[in-house]
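Structure at a glance
Chain residues, written in single-letter form:
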Amino acid sequence: MDMRDEILEILVSTEEIQKRTTELGQQIGHDYDGRNPLMICILRGAVVFLSDLIRSVPIHVMVDFMGVSSYGGTNLDSTGVIKITRDVDANVAHRDIIIVEDIVDTGLTMKALVDLMKTRGPGSIEICTFLSKPQRRKVDVDIKYCGFEIPNKFVIGYGLDYDENYRNLPFVGVLKPEVYEKRKEEKG
Ligand code: PRP
């Protein structure tokens, strides 16, 4: 079965994503010229965005990965208390850090991440997120690079999942309501 049959609406198309990631890559290249920033990808959702983004950055960058989960969180809501499931290998002290996320929703995860990174003495920290849902924000986060601001809808694709599925869709979409019903029935 083609996953596309399960999509109600496409919110951000493949073409729009390509155009915007190219713009962001150019902008990062311009802003960090001569500085070799460390781009930290937050697993798992941001891997798709990161892999497109870095190929649009024309300067030297380094890449590392961090796994984060939200204590007591659900698929819909995080708590702001994060558990590092995989830490970066790099020493971030004095480095120019760019945290790369798939989505900033309440902002709680990103705030906790930035606070943690600050304790490690980086040279600078900026945020680059593929998506942002400003209407859902509970804490202020200063996003320097944002792909798209989207309305408060549950979105999947281009790295974002529902129950670990749909990350491999090449666009951002909204699922048909019956998909949730069917999955709940399957899980009992
Ligand atoms: C998502 C996203 C952020 C967080 C944002 O992660 O990647 O880390 O939620 O939510 P917040 O702004 O409300 O804190 P998720 O737990 O879905 O993990 P995943 O990237 O592995 O899918």
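Refer to the structure above for everything that follows.
This report concerns the structure included in the present document. Everything numeric in this text was worked out from a predicted model, so none of it was measured. (Residues numbered from 1 in each chain as written. Predicted model: local features only at pLDDT ≥ 70, side-chain atom pairs only at ≥ 80, totals over all residues. Heavy atoms only, no water.)

This part covers helix H3 (residues 108-118). Leu 108, Thr 109, Met 110, Ala 112, Leu 113, Val 114 and Met 117 are the residues of H3 that are buried. Next to the buried residues of H3 lie strand E2 (38-43), strand E3 (62-70), strand E4 (82-86), strand E5 (96-104) and strand E6 (124-132). (Buried < 20%, exposed > 50% of the residue type's maximum accessible area, 1.4 Å probe, protein only. Helix = DSSP H or I, 4+ residues; strand = E, 2+ residues; numbered from the N terminus. Contact = heavy atoms within 4.5 Å.)

What follows deals with the sheet that holds E3. Sheet strands pair via backbone hydrogen bonds, and the direction of the pair is either parallel or antiparallel. The strand order E4-E3-E2-E5-E6-E7 describes an open sheet built from six strands, whose pairing is mixed. In this open sheet, the two strands that pair with only one neighbour each are E4 and strand E7 (145-149). Neighbour-to-neighbour, the strand axes of this sheet turn through a mean angle of 30°, independent of strand direction. In this sheet, E5 lies alongside E2 in parallel orientation, the contact comprising four bridges. In the strand pairing of E5, Leu 38 is matched with Ile 97. Relative to the sheet, H3 contacts E2, E3, E4, E5 and E6, its axis offset from that of E5 by approximately 165°. (Pairing = 2+ DSSP bridges. Axes fitted to C-alpha atoms, helices over the stretch in contact; angles between N-to-C directions.)

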